[in-house]
Structures are given as C-alpha cells and as structure tokens.
Amino acid sequence: KKRGDVMKKRKRLYILSGLVMFLCMGTIYSWSVFRGPLIKELELISGEHIGATLAQMPYTLFLLMYSFTMPFSGKLIKKIDPRILCISGSLLVALGWILAGSSTSIYQIMWTYGVLGGLGVGIVYGVPIAIVTEWFPHRKGLAVGITLMGFGISPLISAPIANALINKSGVFQAFKDMGFAFALVLGLLSLLFQFPKEKIELHKISKNEVEFTTKEMLKTKSFYALWACFVIGTFVGLTMVGIASIYAQETVGLKRETATILLSVFAIFNGIGRPIFGSLVDKIGTKKTIYLSYTLIAISSLLQIIKSENTVIFIVSFILFFLNLGGWLSIVPAANINLFGREYSTQNYGFLFTAYGIGALAQGLIGGYIRDTFGTYTYVFYPIVILCLVGIFITNKFIDNK
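Rules used throughout
- Residues numbered from 1 in each chain as written.
- Predicted model: local features only at pLDDT ≥ 70, side-chain atom pairs only at ≥ 80, totals over all residues.
- Heavy atoms only, no water.
- Helix = DSSP H or I, 4+ residues; strand = E, 2+ residues; numbered from the N terminus.
- Buried < 20%, exposed > 50% of the residue type's maximum accessible area, 1.4 Å probe, protein only.
- Contact = heavy atoms within 4.5 Å.
- Areas by Shrake-Rupley, 256 points an atom, 1.4 Å probe, with all protein chains shown as cover.

Scanning the chain from N- to C-terminus turns up 17 helices and zero strands. For the chain, the C-alpha atoms occupy an extent of roughly 60 × 45 × 35 Å along the three principal directions. Classification of the 402 residues of the chain by burial places 59% in the buried group. Counting only contacts in the chain whose residues sit at least 6 apart along the sequence, the fraction spanning at least 24 positions is 86%. A total of about 16,200 Å² of accessible surface is found on the chain, and carbon and sulfur atoms cover 66% of it.

Here is the structure:
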C-alpha cells in the first residue's frame with residue numbers, strides 16, 4: 001500500500017512538473033504582447049518600416065522549428081536519458097531568449113528567439129508527453145491534456161508578466177529576464193523525469209492493440225488525413241494567437257492594456273481545451289471530436305465575418321478559437337495512440353506534429369499577406385470557413401472513429 005501511494009504521488013508529480021514546464025515554453029503564445037514594442041524599437045534602430053509579414057516571422061519560425069524538431073527528438077527519448085534531453089533543450093530555450101535581448105534587427109530576433117528558442121522547445125516538448133503517457137496508459141487523453149494545459153494557459157501568467165517587464169525595463173531586457181528565469185525553472189524540473197520500470201504491467205491493456213511502426217504509419221491514409229486536419233486546426237489557432245492583441249486594438253478598438261488582459265483570459269480556454277478535448281477523444285472517439293472542433297471554429301469565423309467590431313462577439317469568437325487550438329493539441333496525441341498504438345507513439349507523434357509547423361508557416365505567410373494587402377485581418381476568416389468544410393470531408397472519408 002505504501003509503495004502504491006508513492007507511485008501515485010510520483011505520477012501526479014510528472015503531470016504537475018510537465019504543466020509548469022509547458023507554462024514556461026508556452027510564452028510563445030504571448031508573442032503579440034512583445035511584437036508591438038519590439039517592432040517599434042527595431043524600427044527606431046534601423047530607420048526602416050517592418051511590415052506585418054516580417055514582424056510575424058520570429059513567432060512563425062519559432063513554431064516551425066520546434067514542430068520539425070519533434071520527429072528527431074521523438075526518436076531520442078527512449079535512447080537517451082530523458083533528463084539529459086530535457087536539460088539540453090531547456091538551455092537552448094533560455095539561450096534563444098537571452099540572445100534575443102541583445103538583438104538589433106528583426107533578422108537577429110528570427111535567429112535567436114525563432115530558431116534557437118524553437119529548437120529548444122522541440123527537444124523538450126515530447127519528453128513530458130512521453131513520460132505521462134507511460135504512467136497513465138488507461139487515461140492517456142485526459143492525462144496528456146492536463147499536462148499540455150500549461151502551454152495553453154501560459155499567456156494567463158506570461159502575458160501580464162511580459163507586459164510589466166516591458167513597461168519597467170524595455171522589451172530587450174524583458175527577453176533577457178525571462179530567458180534567465182526559464183534556464184532556472186526548466187533546468188531544475190528536467191531532473192525529475194524518468195520512465196516507469198514496470199512497463200509490462202502498464203502496457204498490458206494494449207496487448208491486443210495494433211502497433212504501427214513509423215514506417216507502417218506513413219503508409220496509411222489515416223496518417224495523412226489526421227496530419228491534414230491537424231494543419232487546418234493549428235493554422236486557425238496559431239493565426240488567432242498571433243493576431244489576437246493587434247486585432248483587438250486595430251479592428252475592435254480596444255486599448256493595449258485591455259487586449260493584454262483578454263489575451264490572458266483567452267489563454268484559460270486554450271488551456272482547458274486540452275483536457276476537455278482529450279477526454280472527448282477517450283469518450284466519443286477521434287472522428288466525432290474533430291467534427292465538433294471544426295463546427296465551433298466555423299461558427300466563430302462566421303461571427304467575425306458578420307460583426308467584427310463588436311466587443312462581445314470578438315470575445316466569444318476568440319474564446320472558441322483558443323479553446324479549439326488547445327483541443328487540437330490533445331486530439332492528435334490521443335488519436336495517434338488510438339489509431340497507431342502506444343509502442344511507437346512518441347516517434348509517430350513527432351511526424352504528426354510537423355503539421356503544426358506547416359500550420360505555423362501558413363499563418364505567418366497568409367495572415368501577414370492579408371493584413372499587408374487589405375489593411376485588416378478581418379478577411380482571414382473567409383478561408384478558415386472553407387478549410388473547416390475541407391477538414392470535415394477529410395475526416396468523414398479517411399479517419400476511423402477510434
């Protein structure tokens with residue numbers, strides 16, 4: 001009994017530690033708080049105007065780099081001590097932020113914050129997921145969802161902190177301060193992670209499940225269908241995260257301080273979307289959960305098309321957008337195990353997660369192009385409605401309801 005109590009506490013500790021680590025790494029979702037003051041400072045230094053597309057590139061590169069690092073780090077998780085992997089990635093995250101604080105151009109921000117920071121998160125990201133999945137085989141969707149909630153709710157804490165640091169010491173010093181804090185917190189929490197030793201007992205429920213290797217998975221239609229749906233889901237969610245503060249100020253007419261507060265509120269829904277949708281996959285299956293997500297996204301987009309300047313409609317729409325971004329980051333890891341098995345889930349999820357990078361790249365290019373061309377982000381909601389319909393078709397045609 002005493003040993004069982006220790007095991008329970010350890011399991012909970014992994015979820016809590018992972019949640020805190022994702023809180024730190026999820027500061028990327030507060031990019032729109034940094035963006036305005038940063039671009040203003042960089043334009044003063046260079047004397048040149050920085051357009052919306054270029055201004056969004058550090059955020060886009062960060063997301064792209066960390067998603068495309070996942071397949072490689074996923075292969076290493078069970079070959080290298082997860083603690084060593086976590087510490088290595090944590091140092092890269094911190095270094096990216098600290099060096100960004102000494103940058104003098106948008107291109108240096110892209111290389112430091114975007115490339116180095118993104119690589120670091122890509123290395124760390126899969127470790128807590130892999131550990132928690134092993135420790136909670138019976139309730140993987142809910143457990144992973146709670147852990148990942150930290151990434152989603154991060155702006156609830158990081159956006160006000162970032163705003164306060166920027167107001168106090170300037171945007172460049174804010175980058176440095178947060179970088180040193182991440183080095184300390186991420187480095188210490190990295191020391192806790194390890195896989196359970198009793199793997200046979202934990203995996204007995206998957207004895208009769210089909211287990212796909214990565215090569216086998218890449219030959220299935222379900223992989224490409226789920227990947228494409230993930231691209232759509234992340235494109236929408238990351239676009240909304242990237243433009244939330246700017247859109248609130250330019251289109252809805254809210255003050256910067258109000259926009260920052262709302263970003264924190266939206267973050268709560270990004271966070272709780274993960275356990276909610278992860279639990280839904282466990283209960284009603286992958287297919288029905290995806291239908292629900294696309295329906296909510298389409299409704300949110302239509303609300304913005306109909307009345308974009310209404311504050312209440314803006315808040316309701318963006319709550320749903322953020323809820324569903326969090327949802328997709330639980331739908332896919334849970335669906336990955338349901339469709340392709342648990343044994344190779346970390347490596348397989350790494351390949352699925354490249355969809356996140358494509359979604360990130362698309363939001364940076366398409367969102368920025370629409371803003372630069374039309375002078376407003378409002379027109380981005382039209383293609384989103386069409387993409388939701390495409391996603392529903394793909395899901396109906398190619399994804400099993402497991």
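Tracing the chain through its elements places Asn 163 in helix 7 (residues 140-169). By relative accessible area, which is 12% here, Asn 163 ends up buried. Apart from residues no more than four positions distant in its own chain, Asn 163 is found in contact with Val 33, Arg 256 and Thr 260.

This next bit is on helix 15 (residues 345-352). For helix 15, the tally of buried residues reaches seven of eight residues, placing the bulk of the element in the interior. For helix 15, every residue scored as buried is listed here: Ser 345, Thr 346, Gln 347, Asn 348, Tyr 349, Gly 350 and Leu 352. In this fold, the buried residues of helix 15 make contact with helix 4 (57-76), helix 6 (106-135), helix 10 (214-217), helix 11 (221-250), helix 14 (311-340) and helix 16 (354-374).

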